[in-house]
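Structural description and commentary
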Amino acid sequence: SNLLTGFAGGLQNYLCYSNSLLLARCGGGGRFQGFTLAALLVLFFFIGPDVVALVPRCMAGCLLIHIGLDLTAEALVDSLGQFDGFEYGSILLITLVMTVRGMTAGLGLGVLCSAFAFTLQQAKHAQVIRGVMTAATLKSSKWRSPRETEVLRETSRRILVVQLQGNIFFGNSTQITDELQRQLSRKKRQTKFVILDFTVVMAIDSSASDTVTKVAQLCQNYGDIAVCFCRGDSGGFPCAAPLSQRLQALEDADKGPHDVEEKSTERKWLSLQDDLDSALAWCEDGLLLLYADRQVSSPTFGRASELVEQLRALLPDVPKEGFHHLLEFFEEREMGAGEVLWVQGSPADSCGLLVEGLLLSHLEEEAGTTEEVKPGAMVGEFGLVNNRRRGSTLRCVTSCKLRWLTRERYDQMKAKRGDLALLLARICIGYLERRVTHVSNRIWESRCLPI
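Residues numbered from 1 in each chain as written. Predicted model: local features only at pLDDT ≥ 70, side-chain atom pairs only at ≥ 80, totals over all residues. Heavy atoms only, no water.

Looking now at the overall build of the chain. In terms of helices and strands, the chain carries 16 helices and 13 strands. For the chain, restricting intrachain contacts to residue pairs at least 6 apart in sequence, the fraction spanning at least 24 positions comes to 75%. (Helix = DSSP H or I, 4+ residues; strand = E, 2+ residues; numbered from the N terminus. Contact = heavy atoms within 4.5 Å.)

Time to look at the sheet that holds strand β13 (residues 400–406). An order of β6-β13-β8-β11 is seen for the four strands of this open sheet, with the pairing classed as antiparallel. Unpaired on one side and paired on the other, β6 (331–335) and β11 (378–379) mark the two borders of the sheet. The pairing of β6 with β13 spans five bridges and is antiparallel. Across the sheet, Glu-334 pairs through a bridge with Lys-401, a residue of β13. (Pairing = 2+ DSSP bridges.)

What describes a pair of aromatic rings is the distance from one ring centre to the other and the angle between the planes of the rings. Overall, the coordinates contain three aromatic pairs when judged by the stated rule. On the basis of an interplanar angle of 90° and a centroid distance of 5.1 Å, the ring pair of Phe-198 and Phe-237 is categorised as edge-to-face. Of the two residues, Phe-198 is situated in strand β3 (residues 193–204) and Phe-237 in the loop between β4 (226–230) and α10 (243–253); the sequence distance between them amounts to 39 residues. With a relative accessible area of 1%, Phe-198 lands in the buried category. When its relative accessible area of 7% is taken as the criterion, Phe-237 is described as buried. (Phe/Tyr/Trp six-rings, centres within 6.5 Å; stacked < 30°, edge-to-face > 60°. Buried < 20%, exposed > 50% of the residue type's maximum accessible area, 1.4 Å probe, protein only.)

Glancing now at the side chain of Ser-271. Tracing the chain through its elements places Ser-271 in strand β5 (residues 270–273). When near neighbours in sequence (up to four residues on either side) are disregarded, Ser-271 contacts Val-227, Cys-228, Phe-229 and Trp-282.

Enumeration according to the criterion identifies 13 salt bridges in this entry. A salt bridge links Glu-332 to Arg-403; the shortest N-O distance between them is 4.0 Å. Pair noted here: Glu-332 is in strand β6 and Arg-403 is in strand β13, with a separation of 71 residues, a long-range link. Note on Arg-403: relative accessible area 14%, which makes it buried. Put simply, Asp-349 and Arg-390 hold a salt bridge, and the shortest N to O gap is 3.7 Å. Taken together, the positions of Asp-349 in the loop between β7 (340–342) and β8 (350–356) and Arg-390 in the loop between α14 (381–386) and β12 (393–396) put the pair 41 residues apart, joining distant regions of the chain. (Salt bridge = Lys/Arg side-chain N within 4 Å of Asp/Glu carboxyl O.)

Bringing unusual backbone geometry into the picture now. Of note in the backbone geometry, Asn-387 takes a positive phi value of approximately 55° without being a glycine. Within the element layout of this structure, Asn-387 appears in the loop between α14 and β12. Under the relative-accessibility criterion, Asn-387 is labelled exposed at 57%.

What follows covers a nonpolar patch on the surface. A grouping of Leu-40, Leu-43, Phe-44 and Ile-47 is seen on the molecular surface, where their side chains present a nonpolar patch of about 360 Å² in accessible area. Within the secondary structure, Ile-47 is located in helix α3 (residues 31–47). According to the relative accessible area criterion, Ile-47 is partly exposed, its value standing at 45%. (Patch = residues over 30% accessible without salt bridge, like charges linked within 9 Å, V, L, I, M, F, W, Y side chains within 5 Å. Areas by Shrake-Rupley, 256 points an atom, 1.4 Å probe, with all protein chains shown as cover.)

Let's shift gears to the pairing of β4. Burial of β4 is extensive: five of the five residues sit out of reach of the surface. The alternating pattern of β4 places Ala-226, Cys-228 and Cys-230 on one face and Val-227 and Phe-229 on the opposite face, and all of these are buried. In the sheet, β3 pairs with β4 via five bridges, with the strands oriented parallel. Counted as the bridge partner of Val-194 is Val-227 from β4. Between the parallel pair β3 and β4, the chain is carried across by helix α9 (residues 206–221), and the sense of this crossover is right-handed. Bridge count between β4 and β5: four bridges; the pairing is parallel. Bridged to Val-227 within β5 is Leu-270. (Right-handed = clockwise from strand over helix to strand, strands pointing away.)

Between helix α15 (residues 407–416) and helix α16 (residues 418–436), the least distance of the axes is 5 Å, while the angle of their chain directions is 125°. When the interaxial angle is binned, α15 and α16 end up oblique. Across from Tyr-410, Met-413, Lys-414 and Lys-416 in α15, the residues of α16 making contact are Gly-418, Leu-420, Ala-421 and Leu-424. Looking at the contact of α15 with α16 residue by residue, the classes come out as five nonpolar, one polar and two charged. (Axes fitted to C-alpha atoms, helices over the stretch in contact; angles between N-to-C directions. Parallel < 35°, antiparallel > 145°, perpendicular 65-115°, else oblique. Nonpolar A, V, L, I, M, F, W, Y, C, P; charged D, E, K, R; others polar.)

What the five strands build is an open sheet, ordered β1-β2-β3-β4-β5; its pairing is mixed. Sheet topology places β1 (129–134) and β5 at the edges, where each strand pairs with a single neighbour. Each strand axis lies, on average, 15° off the axis of its neighbour in the sheet, ignoring direction. Where strand β2 (residues 159–168) and β3 come together, nine bridges link them in parallel fashion. Directly across from Gly-166, in β3, lies its bridge partner Val-201. Taken strand by strand, helix α8 (residues 174–186) contacts β1, β2 and β3, and its axis lies near 165° from that of β2. This element, helix α11 (residues 276–291), spans β2, β3, β4 and β5 of the sheet and lies at about 170° to β3.

Have a look at this one:
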């Protein structure tokens, strides 16, 4: 390899940092300098080592001293202020060991010091707690009746959301319990639910997973407080330890007074959810059980009255009669599993209200970006009202029943009942408001805050 490198005008491959540094400091490094160096080495190969005796020893010694002082100044003096105390201390220690024990011992110590410095830096500087807030400004995307919305508006402050971030390990995991104890001590009588959000957590080590398990017990020590763990991914927590199984076993072993099924009039005290939206929905269901004095069940939208209640959740100020008149322009439509309602980029000539089944919206030319559309949601209304092309491809995952409004019927509505066309535009704005204020937009830096 050295022979081929020499023919190509490069430097020989051997471990000698001082020679490489000296060449670079003298302005070398180009291909011409490489060929010149190779030619001189070939020349001295034929001349032999006797010519070295002609070089004064003091010159060679001064050169070595110069390079040594230059390297020492670069490592110990120029680096002042560029590293924190842990890192600079490691540099001093490695320098001492290399001087006394040699290069190999210094390199081995460098590996150990870097690992130790990383641990100390993470423990001191890494903030595991990204934010602590109540759910007063956070709400799930689950459809609620006007009465339920009012109850949640008054009681949502009883949900405490703790957002976590970064790498959680034994050095910083205690920040979670310390912060939670501080918050629960201040809001002991107010808090009924605690959400731990792991959405932006990168990794959890095995010792930190034990600390996370203790959080559930900590909440129970402060009274009747339920805790929900938001894993951030359907694959579970970002750790090798079986954290989900441990938490599930904790619930099974100590269910307490809330050992009930989901449809019972009582609530569970621990839950595992895959995203923050689902976690908020679980806590909101619990608040409704506590303060609305009714059983929470999944809504159905089969009858016209149920569809009207669904729309009134968007616009509670509109009388029911207005929605009934609006639905008269919609036709019933049934579609089978796998059928495509429209393709991305096609003209928007209709909109629909999903009554039964499941739809899937797929964004073309992206890395599998999809979104499920569940019963009660309206689809395609933005493109119909604003004459825009379809923004995604929509297909049926299961057999579906819809209420369907075509372009012709919409034009008739505008001609005959302008008030209903305005109502449809308001519904369109209402759906946009729900999507813009979706809680997932608040996990990262948001430009979707209500103003």
